[in-house]
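Examination of the molecular architecture
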Amino acid sequence: MIVIEKLSKIYDTADVPALDNVDLKINDGEFLSIVGKSGSGKSTLLHIIGGIEKPTSGKVTVDEVDITSVSDNELSDYRSRKTGFVFQSFHLEPQFTVYDNVRLPLLINDISYNEHKERIESILKKVGLEDKIKSKASKLSGGEKQRCAIARALVCDPPLILADEPCGNLDSENSFKIMELLKNINDEGKGVILVTHDKEAARCGSRIIELKDGRIINETS
Ligand SMILES: Nc1ncnc2c1ncn2[C@@H]1O[C@H](COP(=O)(O)OP(=O)(O)O)[C@@H](O)[C@H]1O
Ligand SMILES: [Mg+2]
């Protein structure tokens, strides 16, 4: 369970808050969609939940630990063990193969070498990318890049997947495949928090919150 209390973020260079006193509870295994216009604070909220960014004030308690007040080491531990992040622009290592991209979190988390091959093959099967295992990431299509990024997010089996506009660079057919994949991941018990400006995609969530000027202005379920 994630409990967000009075969360605010003011970037150094900005005079208006990116997040303004946000309160929100997110249950384990929930599929939550966050919508809102560009600049409304969606990415900032997702980055703080994922431990990528620190708030100016407020608390984010994940399984009873306030991640806004832990040390940097504990925060990176939280990031790598509890969350898998999926970005709009994929953030793959272009010169690495699919295998080596998906392997990175296993190395970071000190997973025993003799487990790597099996885990990578099995997760690539799940995202339908097993035949690209030896391809360089730079040679993949957009949809394949995002499926590779999702495999990387899943390979350490974190309970929560955070996706920031994962279909933002994809055509409608590939977007549909990615959304199906996120739904499957959620059906298997993982929490999914999806940031999107696409109202149709947002409906994959069991709950939708809308941000405007860093505040929650609407909630539907
Ligand atoms: N690193 C940053 N430095 C300064 N301002 C930022 C930074 N990131 C975001 N902002 C500002 O914070 C507000 C919210 O941004 P963001 O969370 O990216 O919104 P969204 O994802 O909904 O488009 C915007 O006004 C944006 O310009
Ligand atoms: Mg954004």
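Residues numbered from 1 in each chain as written. Chains lettered and ligands numbered in written order. Predicted model: local features only at pLDDT ≥ 70, side-chain atom pairs only at ≥ 80, totals over all residues. Heavy atoms only, no water.

A few words now on the site of ligand 1. Taken together, the residues surrounding ligand 1 are Tyr 11, Thr 13, Ala 18, Lys 37, Ser 38, Gly 39, Ser 40, Gly 41, Lys 42, Ser 43 and Thr 44. Here an oxygen atom of ligand 1 sits 2.6 Å away from a polar atom, N or O, in the side chain of Thr 44. Relative to its free-state accessible area of 560 Å², ligand 1 is covered by the protein chains to the extent of 59%. (Near = heavy atom within 4 Å. Polar contact = N/O pair within 3.5 Å; in protein donor to acceptor, adjacent residues only side chain to side chain. Areas by Shrake-Rupley, 256 points an atom, 1.4 Å probe, with all protein chains shown as cover.)

Next up on the list: the pairing of strand E7 (residues 160–164). Burial analysis of E7 places 5 of its 5 residues in the buried class, the great majority of the element. The two faces of E7 match: Leu 160, Leu 162 and Asp 164 on one face and Ile 161 and Ala 163 on the other face are all buried. The sheet contact formed by strand E6 (residues 83–86) and E7 spans 4 bridges and is parallel. The residue bridging Gly 84 from the neighbouring strand is Ile 161, located in E7. Here E7 pairs with strand E8 (residues 191–195) via 5 bridges, running parallel. Its bridge partner lying in E8, Ala 163 is registered against Leu 194. Tracing the backbone out of E7, into helix H6 (residues 172–187) and back to the parallel element E8 gives a crossover that is right-handed. (Buried < 20%, exposed > 50% of the residue type's maximum accessible area, 1.4 Å probe, protein only. Helix = DSSP H or I, 4+ residues; strand = E, 2+ residues; numbered from the N terminus. Pairing = 2+ DSSP bridges. Right-handed = clockwise from strand over helix to strand, strands pointing away.)

Another aspect to go through is the layout of surface pockets. Here the largest pocket defines a volume of roughly 460 Å³. Looking at the largest pocket, it is lined by 19 residues, and the ones nearest its centre are Arg 79, Ser 80, Thr 83, Phe 85 and Pro 105. When its residues are assigned to classes, the lining of the largest pocket shows 9 nonpolar, 7 polar and 3 charged. Each pocket or cavity is described by its volume, and for the second largest pocket that value is around 310 Å³. What lines the second largest pocket is a set of 18 residues, among which Ser 175, Met 179, Asp 198, Glu 200 and Ala 201 lie closest to the centre. No other element matches H6, which puts 6 residues into the lining of the second largest pocket. Residues of the lining of the second largest pocket, tallied by class, amount to 8 nonpolar, 5 polar and 5 charged. (1 Å grid on protein atoms, 1.4 Å probe; cavity = no way out; pocket = protein on both sides within 12 Å on 5 of 7 lines; lining within 4 Å. Points joined across faces, edges and corners; volume = space filled by probe spheres on them. Nonpolar A, V, L, I, M, F, W, Y, C, P; charged D, E, K, R; others polar.)

What follows concerns empty space enclosed by the protein. To find leftover empty space, a probe the size of one water molecule is rolled over the atoms. For the structure on display, the rule yields 1 cavity of 30 Å³ or more. If you add up the space inside the largest cavity, you get close to 30 Å³. A breakdown of the residues in the lining of the largest cavity according to their chemical character gives 4 nonpolar, 2 polar and 2 charged.

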